[in-house]
Amino acid sequence: MIVFWTLAGLVTAMAGLLVLSLARRGADREQPVSDTGAAELAELDRLKARGLLDEEAFVAARAEAGRRLLSGAVPDVAPTVGRRDRTVVLTGLIVAVAATLGLYFVLGSPGLPDQAYERRVDEWAESPETLDAEQIAAVLTRAAKREPENRTALTMLGAARFEAGDPIGAASAFRQALRLDENDATSWARLGESLVRAADGEVGVDAEAAFTRALSLDPDQLGARYFLGEAALARGDVAKAREVWAPLIAVLDPADPRRVDLVARLDAAA
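Analysis parameters
- Residues numbered from 1 in each chain as written.
- Predicted model: local features only at pLDDT ≥ 70, side-chain atom pairs only at ≥ 80, totals over all residues.
- Heavy atoms only, no water.
- Helix = DSSP H or I, 4+ residues; strand = E, 2+ residues; numbered from the N terminus.
- Contact = heavy atoms within 4.5 Å.
- Salt bridge = Lys/Arg side-chain N within 4 Å of Asp/Glu carboxyl O.
- Core = buried A, V, L, I, M, F, W, Y, C linked by side-chain atoms within 4.5 Å.
- Buried < 20%, exposed > 50% of the residue type's maximum accessible area, 1.4 Å probe, protein only.
- Phe/Tyr/Trp six-rings, centres within 6.5 Å; stacked < 30°, edge-to-face > 60°.
- Lys NZ or Arg CZ within 6 Å of the ring centre and 35° of its normal.
- Expected span 1.5 Å × (residues − 1).
- Arc of directions from axis to C-beta.
- Axes fitted to C-alpha atoms, helices over the stretch in contact; angles between N-to-C directions.
- Parallel < 35°, antiparallel > 145°, perpendicular 65-115°, else oblique.
- Left-handed = near helix turned anticlockwise from the far one by under 90°.
- Nonpolar A, V, L, I, M, F, W, Y, C, P; charged D, E, K, R; others polar.
- Polar contact = N/O pair within 3.5 Å; in protein donor to acceptor, adjacent residues only side chain to side chain.

Colleague: I keep staring at the environment of A207 and nothing clicks. Help me out?
Modeller: Tracing the sequence through the fold places A207 in helix α10 (residues 205–217). A sequence separation of 18 residues divides A207 from A189, and the C-alpha atoms of the two residues are 8.6 Å apart. Look past the residues within four positions of A207 in its chain and what remains in contact with it is G192, L195 and V196.

Have a look at this one:
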């Protein structure tokens, strides 16, 4: 909290300095008013006094100069900023800051102590049934750090990170779990799914290898079968896709839209 208020004070001071600096540039500046018309009348008077203009020409020229002087546009005057204006600006900034602090003390919780991240994780761990996926992942991350050999905690962490939208973190957790047990078919399948999501739906080489290992350990890993069929269709290998999807299609109800979609895609590809 101390860091927050320090930064807030610095930002406010910089804003005030910027406003005052810009206001100072225009202080006591005035646009000089042009006196061309008056100079022209004075010149006519000098010409008449020297005898270079007769009375009739002098009257006519003076009248014309007077008309131009009266009809001329009023020169623009640049806006001026005085020292009092700068005081008003500074006062406005101070009032704005004071109002912000007042609202914080009325609507905020200035007396609430800082909550360290570890303390929040402790609170989350006490009521896991109320947590969202990100909070569950945070609790399980700490549990996995405390017990790095706990494969169950690692697989649960991978599932939580996957649900929290962190497929890369999920893949990392499943890899750690597989280092403890390389024959866990479910973890191989979940690793492949995490890699697919991290690649925006593309079944890459690593993901396909994970799915293949999952099926070699457990032919009933239907999720792995689905993605291996997707990879085969992407390569144009319809026969391989049909072979991989056949058990998956067999367990789905004939009226299941997923089965209808798989059959239709195989027929279209063939």
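Colleague: Would you take a moment to explain the pattern of salt bridges for this structure?
Modeller: Oppositely charged side chains can form a pair if their charged atoms are brought close together. Applying the stated criterion across every chain yields a total of six salt bridges. Among the charged side chains, a salt-bridge network with shared partners connects R151, D181 and D184.

Colleague: I keep staring at the nonpolar core and nothing clicks. Help me out?
Modeller: It is characteristic of soluble globular proteins that their nonpolar side chains tend to be buried jointly. One finds L191, V203, F211 and W245 to be the most contacted residues of the largest nonpolar core, which totals 31 residues. Elements that contribute at least two residues to this core include exactly α8 (167–180), α9 (185–198), α10, α11 (222–235), α12 (238–251) and α13 (257–269). Apart from the residues within four sequence positions on either side, W245 is in contact with R225, Y226, G229, E230, L233, L262, R265 and L266. Among the nonpolar cores identified, the runner-up in size contains eight residues, and L140, A144, L157 and A177 belong to it.

Colleague: Help me out: how do you make sense of unusual backbone geometry in this one?
Modeller: Keep in mind that most residues, glycine aside, have a negative phi and that most peptide bonds are trans. Despite not being glycine, D200 shows a phi value in the positive range, around 60°. Inspection of the secondary structure puts D200 in the loop between α9 and α10.

Colleague: Sorry if this is basic, but what is going on with the packing of aromatic side chains here?
Modeller: How two aromatic rings sit relative to each other is set out by the distance from centre to centre and by the angle between their planes. Taken as a whole and assessed by the stated rule, the structure comprises three aromatic pairs. For the ring pair Y226 and F227, a centre distance of 5.2 Å and an interplane angle of 75° mean the geometry is edge-to-face. Overall, the relative accessible area of 28% leaves Y226 in the partly exposed class. Where Y226 meets W245, the ring centres are 6.0 Å apart and the plane angle is 10°; that geometry is what we call stacked. Of the two residues, Y226 is situated in helix α11 and W245 in helix α12; the sequence distance between them amounts to 19 residues. Taken together, F211, Y226, F227 and W245 form an aromatic cluster joined through their ring pairs. Here R190 stacks its cationic end above the ring of F162, 5.1 Å away from the centre of that ring. The ring of F162 carries the charged tip of R197 above its face, separated from the ring centre by 3.8 Å.

Colleague: What am I meant to see in α10 here?
Modeller: For an α-helix, 3.6 residues make a turn, and residues three or four places apart therefore share a direction. An ideal rise of 1.5 Å per residue puts 18 Å on 13 residues; α10 measures up with 19 Å between its terminal C-alpha atoms. Considered for burial, the residues of α10 that qualify are A207, A210, F211, A214 and L215. On an axial view of α10, the arc spanned by its buried residues comes to 135°, and they lie on one face. Of the residues in α10, the exposed ones pointing more than 90 degrees away from the buried face are V205, D206 and S216. Against α9 and α11 lie the buried residues of α10.

Colleague: Teacher, can you tell me more about the environment of R142 here?
Modeller: Among the structural elements, R142 can be located in helix α6 (residues 133–146). Its relative accessible area of 12% is what places R142 among the buried residues. With 20 residues separating them in the primary sequence, R142 and D122 have C-alpha atoms 9.9 Å apart. Those residues within four positions of R142 in sequence are excluded, and the remaining contacts are E118, V121, D122 and A125.

Colleague: In this structure, what is going on with the packing of α12 against α13? I would like to understand it.
Modeller: Packed helices, taken two at a time, are described by their axes: the angle between them and the distance between them. With their axes 11 Å apart at the nearest point, α12 and α13 run at an angle of 160° to one another. Put simply, α12 runs roughly antiparallel to α13. Regarding α12 and α13, the two cross each other, and that crossing is left-handed. Taken together, the residues of α13 that come into contact with α12 (itself represented by V238, A241, R242, W245, L248, I249 and A250) are R259, L262, V263, R265, L266, D267 and A269. When its residues are assigned to classes, the contact of α12 with α13 shows ten nonpolar, no polar and four charged.

Colleague: Can you walk me through α9 in this structure?
Modeller: Between its terminal C-alpha atoms α9 stretches 20 Å, which fits the 20 Å expected from 14 residues at 1.5 Å a residue. Those residues of α9 hidden inside the fold are in contact with α7 (151–163), α8, α10 and α11. Taking the backbone nitrogen of T186 as reference, a side-chain oxygen 3.3 Å away marks D184 as the first, capping residue of α9. In the segment just after α9, D200 is the residue with positive phi, at about 60°.

Geometry only, nothing functional implied.
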